[in-house]
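# Observations on the three-dimensional arrangement
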Amino acid sequence: MTHTTIPDDQLILATFQNEKTREFAFTQLVRKYQQKLYWHIRRMVVSHDDANDILQNVFIRVWNNLGQFRKEANLYTWLYRIATNETLTWMENQKKRVSISLSNDENTSLANKLEAEKGFDANRIEWKLQQAIQSLPDKQKVVFNLRYYDEMPYEEMSKVLDTSVGALKASYHHAVKKVEAFLLSH
Amino acid sequence: MIHENEIVQELESMGSTLTGLSRKTPYVVANDYFKVLPEAILAKTIEASLADVISKGNPFEVPTGYFDQLPQQLLSKVAFQQEQHPPKVISFGNNIWKSIRWAAAAVLLLTAGFGTLQMLNSENSVEQKLASLPADAVIEYVQDNRSGFDVAPADLVLETGHLATTQLTEEEITLYLDEMGWQ
């Protein structure tokens, strides 16, 4: 494996099994999937610092469990599943902290973070779209992002989210309508 | 991954206004972030693994069931030792209790007598101490610690001088008492 070529998942897994080459294999794995997983998380939590923390936790979990990963399964799907679960858990914990602080709206903090982002401009459509996405419920937000940005097939999404294809299609369609309504009203 | 057009086609089939929008995420990330991230994550992963090992503490192994069997083993050893060297038994009998009762009574009597003696001595000791003080010291103390309202007739004597050698009249006494608020 070299740094310029993208290693095959099976090769990464085989290299990871060897204790002597485990760290090298892991580094290759991170290089291959870091951007996809990072943006998947970032679109959910907005803040780079939060996304960075969650992403590192994801890869620590990957390190601890990759040895038991079944080779016949899809590594990409497995990584997305871990990243999604870590992100949703993190967001749930944030909501609990917000509720303790007597805030009425758990999405207020994400909306505030969005407005604090460098280059934020409420008049620009790309930022309005992000505001619309942040108004969605968490799981629907995941569905929307995985389909709209990551172009993930519903069958794969079903394995990531452990939900039926039909439910995911319905969720995505509703999410699209909500986002449209938000853009029209703002 | 499916072709980008399939996403656009799906949105078109829904009649969505999102069809024509750019799907570029506007968030900013540092230029070298992804370049350094793998090494940073590897370092953190190894650190987390080490922390996990350290937090588990004692690396030594203990035989299975060791702590479950230990109490019984100890009891067996103690019982064996007692069989080998039985402890001496000292019998008190009835006489020793009688002696203890007499001794306790004597101790109580002595304690009560000593206490009474101490009490009597303490009452006299205060008077004895006062009696041993020189008269001048007592007078000086009384004069120095007298309050402003505590004006004894002796002050009148001191201030008026001549009264020191004359008797106070009833009228003067009454006047004094009026001034001091005693009537």
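Residues numbered from 1 in each chain as written. Chains lettered and ligands numbered in written order. Predicted model: local features only at pLDDT ≥ 70, side-chain atom pairs only at ≥ 80, totals over all residues.

Bringing the overall build of chain A into the picture now. When its secondary structure is counted, chain A shows 9 helices and 0 strands. Mapped in sequence order, the helices and strands of chain A form the string α-α-α-α-α-α-α-α-α. Considering chain A as a whole, with its 186 residues, one finds that 31% of them fall into the buried category. A sequence separation of at least 24 residues applies to 56% of the contacts in chain A between residues at least 6 apart. (Helix = DSSP H or I, 4+ residues; strand = E, 2+ residues; numbered from the N terminus. Buried ≥ 20, exposed ≤ 12 C-beta atoms within 10 Å, placed from the backbone. Contact = placed C-beta atoms within 7 Å.)

Check the secondary structure of chain B and you find 7 helices and 0 strands. For chain B, the succession of helices and strands along the chain, N to C, is α-α-α-α-α-α-α. Taking all 183 residues of chain B together, 2% fall into the buried category.

Helix-helix packing is described using two parameters, namely the angle between the two axes and the distance between the axes. Axis separation between helix H2 (residues 22–45) of chain A and helix H2 (residues 33–55) of chain B bottoms out at 9 Å; the angle between their running directions is 140°. As far as their axial angle goes, H2 of chain B and H2 of chain A are oblique. When the axes of H2 of chain A and H2 of chain B are compared, the crossing they make is right-handed. Two secondary-structure elements touch here, H2 of chain A through Glu 23, Phe 26, Thr 27, Val 30, Arg 31, Gln 34 and Gln 35 of chain A and H2 of chain B through Phe 34, Leu 37, Pro 38, Ile 41 and Leu 42 of chain B. Looking at the contact of H2 of chain A with H2 of chain B residue by residue, the class counts come to 7 nonpolar, 3 polar and 2 charged. (Axes fitted to C-alpha atoms, helices over the stretch in contact; angles between N-to-C directions. Parallel < 35°, antiparallel > 145°, perpendicular 65-115°, else oblique. Left-handed = near helix turned anticlockwise from the far one by under 90°. Nonpolar A, V, L, I, M, F, W, Y, C, P; charged D, E, K, R; others polar.)

The partner chain A presents 31 residues to the 26 residues of chain B that form the contact. Listed by contribution, the elements that provide at least two residues to the side of chain B that touches chain A are helix H1 (4–13) and H2 of chain B. Ranked by residue count, the leading element in the side of chain B that touches chain A is H2 of chain B, at 8 residues. For the side of chain B that touches chain A, a count of residues per class yields 17 nonpolar, 5 polar and 4 charged.

With that settled, the discussion passes to the packing of helix H8 (residues 154–161) of chain A against helix H9 (residues 165–185) of chain A. Residue and element names in this part refer to chain A. Two elements in contact, H8 and H9, have axes whose closest approach is 9 Å; the angle formed by their N-to-C orientations is 100°. Considered as vectors, H8 and H9 are oriented roughly perpendicular to each other. Between H8 and H9, the residues in contact are Tyr 154, Glu 155, Met 157, Ser 158 and Leu 161 and Val 165, Leu 168 and Lys 169, respectively. In terms of residue class, the contact of H8 with H9 is built from 5 nonpolar, 1 polar and 2 charged.

With that settled, the discussion passes to the nonpolar core. Residue and element names in this part refer to chain A. Leu 37, Ile 41, Leu 55 and Val 143 are the most contacted members of the largest nonpolar core, which has 47 residues in total. Two domains each provide a minimum of three residues to this core, namely domain 1 (1–104) and domain 2 (121–186). Non-local contacts of Ile 41, meaning those with residues more than four positions away in its chain, are made with Ala 51, Ile 54, Leu 55, Ala 83 and Thr 87. (Core = buried A, V, L, I, M, F, W, Y, C linked by C-beta atoms within 7 Å. Domains from an automatic or database assignment.)

Our next topic: unusual backbone geometry. Apart from glycine, the bulk of residues carry a negative phi angle, and the bulk of peptide bonds sit in the trans form. Residues and elements named next belong to chain A. With a phi angle near 75°, Val 46 is a residue other than glycine that sits in the positive phi range. Residue position: Val 46 is located in the loop between H2 and helix H3 (48–65). On the basis of neighbour count, Val 46 is assigned to the buried category, with 21 C-beta atoms found within 10 Å. With phi around 55°, Glu 151 is a residue other than glycine that occupies positive phi space. In this structure, Glu 151 sits in the loop between helix H7 (138–148) and H8. Residue classification places Glu 151 among the partly exposed residues on the basis of 15 C-beta atoms within 10 Å.

Quick look at the environment of Gly 20 of chain B now. Structurally, the position occupied by Gly 20 of chain B is in the loop between H1 and H2. For the pair Gly 20 of chain B and Val 8 of chain B, spaced 12 residues apart in sequence, the C-alpha separation works out to 8.3 Å.

Right, let's talk about the confidence of the model for chain A for a bit. In this model, chain A carries an average pLDDT of 89, and 92% of its residues clear a pLDDT of 70 or more. Within chain A, no element has a lower average pLDDT than helix H5 (residues 108–115) of chain A, which sits at 83, and none a higher one than H7 of chain A, at 96. (pLDDT = per-residue confidence, 0-100.)

Now for the confidence of the model for chain B. All names here are of chain B. Looking at chain B as a whole, the pLDDT averages 74, with 68% of positions reaching at least 70. Averaged pLDDT values over the elements of chain B bottom out at 45 in helix H6 (residues 153–160) and peak at 90 in H1. When the criterion is pLDDT under 50, residues 148–165 qualifies, and its contacts beyond four places in sequence or with other chains add up to 8 contacts.

The next subject is H2 of chain A. In the structure, H2 of chain A departs most strongly from a straight axis at Tyr 33 of chain A, where the bend amounts to approximately 50°. At the exit of H2 of chain A stands Val 46 of chain A, carrying a positive phi of roughly 75°. (Bend = angle between axes of the 7 residues up to and from the residue.)

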